[in-house]
Amino acid sequence: MTSLALPAMNALDPTLTQFQFVKGDSQGTRAGAIAAMLNISSTYPNPVAFIGEWDSATTIPLVLAEAMVRSWHCSGVASSTDLSDKQNFARFFRTIQDDSQQGPALIQFVKTMGWGSVNLVTAIDAYGTSIAASTIAAAPDAGITISTQSVVSPVATDFTFVIATLRKSLSNIIIFAMPTTVAREMLRQARDAGLVAPEYVWISTDIFSDYLSTSAALPTVAEDIVNADGAFYVYPRAATETAAYAVLLAAWARVSSRAVLNVPYGTLCYDCAVALSRGIVRTVQRRGVAALTSAAGNLTLTEFMPPAYEGVSGTVQFTSTGDRVGDFSVWNTVNGNLHLAYDLFANGTRAQRTTPTFAGGSTVVPPDTPPKAKLYPTWSDPVVIVLAVLRALMLGVCAAGIAVLSRNRHVPLVKNMSYPFLVTISVGVMVVLVAEFMVVGEPAQEMCHAPVWVLTVGYQLVVGSAGVRTYRIFKIFSNTTMARMKRYSNAKLLRAVAALIAVQSALYAVRATVFVSTPELVTSKSTVSYQCVPRDAVGDRVIVGVSLALNVALLAGVIVLGYKTRNVASAFRETLWIMYTGQAPIAGIVILTFTFIALPDFALAAYYLRSFLTLYASIFAYIALVGRVALAAVHSPTASTLAMVPTAISATTSSTSGTSGSHGTTSSAHVHVDWTPTGQIARATVRSAPVKQVAGLSWWHGGWTATWRTHAVHIVVPAAPGTPYLALVPTLTAGTAVQGTAFPTSTATFDARPTDLPLCVIITTARGAWAVQLPTQPDADAVAGALAAAGARSVGAGAGGPGGSSVGRGVRAMSASSATGSAMAPLARARSASHSAAPEKGGKGMIVTEPVVRATARVASPVSLGRARE
């Protein structure tokens, strides 16, 4: 089928040449293209030139086949750099810029948009390969990084691997070059994967220019238009300002309503036909018609191609290889329409024509690499600043607490709570808090070891000190021989804590010197963090495992001992609070875990959690173990004041006169004493006191199986011939019967002030031993005086030494400082007498215990017991 040629072709030299087009259908295949060419050649002998094909993959074999008829060939579409090889394609030239220029144009567009990295996806064909090669070659000079490169088949339908690669890539800019049918399917799958979004930019080449037109006939046209929304493609620039373009535009308007620029490769193919006709006319004018196809003419491509001229697509100028040097335009697909966004010129400049629109309708240029969230703490992070301020405040509280404790270290309350350990725990809390400051900012090599080392030492100072104190309390209340308690002095316990820290430090020293860790940058698509990588991962894990096991065992021991002694009541309820504190540092194990285990994608959240838990555990431990004591010390009398005031019980006395003396009652808040007319103790009652059997005839009595119970304590000295006795009666409800076994007091002993056990009286009989805790020392002295009056013998640390027992000295001090009508004078006389006279032979009394009663009450919330006597 023939048709008239373009008017511009026949107008070149109408007297010499006339042109007409002969159409051939390649059916979109290589074989079809060659068959169509052979059919035309046989129908129309000696064809002068051919125009086509639609793509490089078809054009290359077609041009090779045309060599047999020695025809000239021009293409306005095929841009593969393979066609620049003049040994194989000696009579081929083109009006479209070749891929060696399109690749740099793509990079030029990327650079002028402010992007620094791209992903490249191309088909494995001549066109895709040349685009990839030229793009990769141009990138380094422009400072552009190719983040990932993927290739696909020209007929691919599955893009799972490509999409997975793009999702992991650090860049959100994607350059793709492939047949439109393949690109259409890739965009569908990319949209399903969330890659067609405002933060992603898809950039194609000239082959994408027919995407919208070819999608219009498909049932998926609506989806395909949305998938391409905001995409860009680079295309040879059309010089719409030239006179030739104005002529074409006027002629085109008479035959079609479609915009000229929306016809894919329309202006390029037009210029290709004009360039061929110019070359033919020029050759005929200079050498005759025979020179066009004759081998004897020996006509070269340079001689055939016309000199530069102004075409409808701009200045048409060819290189010696038949390639056109020209500018490019960047087209933007928006809501199914094409918009000219930029013109890219060969000199490296860019001219914006319209505001570009990206996926989702945004006009904001997205970054090529999304801002990476820093997954490590920095001083610009508000959360880090808030946590740092809270830690600083807590450090100030600890320092103030140490000052208060040091000023009041001689106050009995502080002494009984072991002043050295109060300071040690405070320092430990401060060390833990300081460790959290060390991990803020980009880590240096020493920061891979120092923070966890400091944190663990602080943790052990707190938990270790609490642990040895709890152990001492446990040993005190599981032994009846108080002399053994001397082995648990403050100095020895502090040495135990120091030994624990020394072992831990030795482990960390090995880790820091033998298994050195170095911080390495860890990046992902949206995050950046640091991870400490050890030189020897196995050795490092061994050290970490041993350290964690050591500290878990320490914490478990504190919790167990705290539970065992939870019902030990004292003036400040120490052991229960130690148990509570032992549970709070469970957070410490979490802290250590998040410190040791590297979780790059969770690093910042791990720091937040660890820092919060550190602060929580530190505050809890400090308040429970130190803060309460420091606060109470502030409101307590000073040590010097206490030294000037004799120990006494606030009491009330009622008495009547008799011929033999006085009689009546003496009461304090906790102890009630009845007196005989002769001034002797008739009965002493402790209304409520924690009592524990610390030893018995069988293994199930006392020790680990015994618990603290609240009892009423009765010391009775009946009139002759009665036998004095002691009754430890559980607290009963009205009407409850009391049953028990009596013990004569003449065979009993008591320790009024046992070593390491203030405010307690230890009573030992043939059937067992009991520890009785009193709220105050005067109450304990009153009970000891009543026991002495009942015939029990004083033993222990308070029994010997110059001046008699400490209880005796205290009672005598009370007696000496009291007026004649003092409430406790009779008790003092009785207590003094007990130290100067041995109990009567045969026994003056007995002790009765009531362990069978079920209506008992456990002591609530004990925590802190006593200090070692130094």
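Residues numbered from 1 in each chain as written. Predicted model: local features only at pLDDT ≥ 70, side-chain atom pairs only at ≥ 80, totals over all residues. Heavy atoms only, no water.

## A word on a nonpolar patch on the surface
Together, Trp379, Ile385, Val386, Val389, Leu390 and Leu393 give the surface a local cluster of nonpolar side chains, amounting to about 560 Å² of exposed area. Here leucine 390 lies in helix α13 (residues 382-407). On the basis of relative accessible area, leucine 390 is assigned to the partly exposed category, the value being 38%. (Patch = residues over 30% accessible without salt bridge, like charges linked within 9 Å, V, L, I, M, F, W, Y side chains within 5 Å. Areas by Shrake-Rupley, 256 points an atom, 1.4 Å probe, with all protein chains shown as cover. Salt bridge = Lys/Arg side-chain N within 4 Å of Asp/Glu carboxyl O. Helix = DSSP H or I, 4+ residues; strand = E, 2+ residues; numbered from the N terminus. Buried < 20%, exposed > 50% of the residue type's maximum accessible area, 1.4 Å probe, protein only.)

## Focus on the sheet that holds strand β5 (residues 92-94)
A sheet is described by the order of its strands in space; here three strands give the open sequence β3-β4-β5, paired in parallel fashion. With one partner strand each, in any of the chains shown, β3 (49-51) and β5 form the two edges of the open sheet. This sheet shows a mean twist of 20 degrees between the axes of neighbouring strands, independent of strand direction. With three bridges connecting them, strand β4 (residues 72-75) and β5 associate as parallel partners. When the sheet's bridge partners are listed, serine 75 is paired in β5 with arginine 94. Taken strand by strand, helix α3 (residues 56-66) contacts β3, β4 and β5, and its axis lies near 165 degrees from that of β4. (Pairing = 2+ DSSP bridges. Axes fitted to C-alpha atoms, helices over the stretch in contact; angles between N-to-C directions. Contact = heavy atoms within 4.5 Å.)

## So, the sheet that holds strand β17 (residues 517-523)
Strand order across the open sheet formed by three strands is β16-β18-β17, with mixed pairing between neighbours. Unpaired on one side and paired on the other, β16 (373-374) and β17 mark the two borders of the sheet. The pairing of β17 with strand β18 (residues 527-534) spans seven bridges and is classified as antiparallel. Each residue of the ladder has a partner; that of valine 522, found in β18, is serine 529.

## Regarding the nonpolar core
Grouped together as the largest cluster of nonpolar side chains are 63 residues, with contacts concentrated most on Phe109, Trp115, Val121, Val152, Met178, Trp202 and Ile203. Considering each element in turn, this core owes the most residues, six residues, to helix α5 (residues 126-142). Leave out the neighbours within four places in its chain, and tryptophan 115 touches Phe109, Val110, Ile144, Ile173, Val201, Ile203, Phe358, Val365, Pro366, Pro367 and Asp368. With 29 residues, the next largest nonpolar core counts Ala689, Ile715, Ala748 and Ala792 among its residues. (Core = buried A, V, L, I, M, F, W, Y, C linked by side-chain atoms within 4.5 Å.)

## A look at the pattern of salt bridges
Under the definition given, this model contains 10 salt bridges. Taking the shortest distance from any N to any O, the salt bridge between arginine 237 and aspartate 343 comes out at 3.4 Å. Of the two residues, arginine 237 sits in the loop between β10 (232-236) and α10 (243-253) while aspartate 343 sits in strand β14 (residues 337-344), which places them 106 residues apart along the sequence. The pair formed by arginine 237 and aspartate 343 is uniform in burial state, with each residue classed as buried. Its salt-bridge partner being aspartate 343, residue arginine 353 comes within 2.6 Å of it at the nearest N-O pair. Linking arginine 353 in the loop between β15 (350-352) and β16 with aspartate 343 in strand β14, this pair joins segments that are 10 residues apart in sequence. Take arginine 353: its relative accessible area is 41%, and that puts it in the partly exposed class. Taken together, the shared-partner salt bridges connect Arg184, Glu185, Arg188 and Asp224 into one network.

## Focus: the side chain of serine 204
Mapped onto the elements of the fold, serine 204 is located in strand β9 (residues 201-204). Setting aside residues no more than four positions away along its own chain, serine 204 makes contact with Leu106, Phe176, Phe232, Tyr233 and Val234.

## A short note on the UniProt feature "transmembrane region" (unreviewed entry) in the protein
As annotated by UniProt and renumbered to match this structure, "transmembrane region" (unreviewed entry) occupies residues 383-405, 417-440, 452-472, 493-510, 542-563, 584-609 and 615-634. Annotated as residues 493-510, this span is 100% helix and 0% strand, and its ends, taken at the C-alpha atoms, are 26 Å apart. Segment residues 615-634 splits into 100% helix and 0% strand. End C-alpha atoms: 25 Å apart. (UniProt positions renumbered as here; feature names shortened; annotations may be inferred.)

## A look at the state of the cysteines
Evaluation of the coordinates by the stated rule reveals two disulfides. A disulfide bridge connects cysteine 74 with cysteine 272, and the sulfur atoms are separated by 1.9 Å. Between cysteine 74 and cysteine 272 the sulfur-sulfur dihedral comes to about -140 degrees; the bridge is accordingly left-handed. One end of the pair, cysteine 74, is in strand β4; the other, cysteine 272, is in helix α11 (residues 266-287), and 198 residues separate them in sequence. Take cysteine 74 and cysteine 272: they sit in the same class, and that class is buried. (Disulfide = S-S within 2.5 Å.)

## Side note on the packing of aromatic side chains
This structure, assessed with the given rule, holds 18 aromatic pairs. Ring centres 5.9 Å apart and planes at 50 degrees place the aromatic pair phenylalanine 109 and tyrosine 342 in the tilted group. Within this pair, whereas phenylalanine 109 is found in helix α4 (residues 99-112), its partner tyrosine 342 is found in strand β14, the two being separated by 233 residues in sequence. The buried category is assigned to phenylalanine 109, whose relative accessible area is 0%. Both rings, one in tyrosine 235 and one in tyrosine 265, keep their centres 5.5 Å apart while their planes meet at 50 degrees; by these two values the pair is tilted. Of this pair, tyrosine 235 sits in strand β10 while tyrosine 265 sits in the loop between α10 and α11, and the two are 30 residues apart along the sequence. Residue class for tyrosine 235 comes out buried when judged on its relative accessible area of 7%. (Phe/Tyr/Trp six-rings, centres within 6.5 Å; stacked < 30°, edge-to-face > 60°.)

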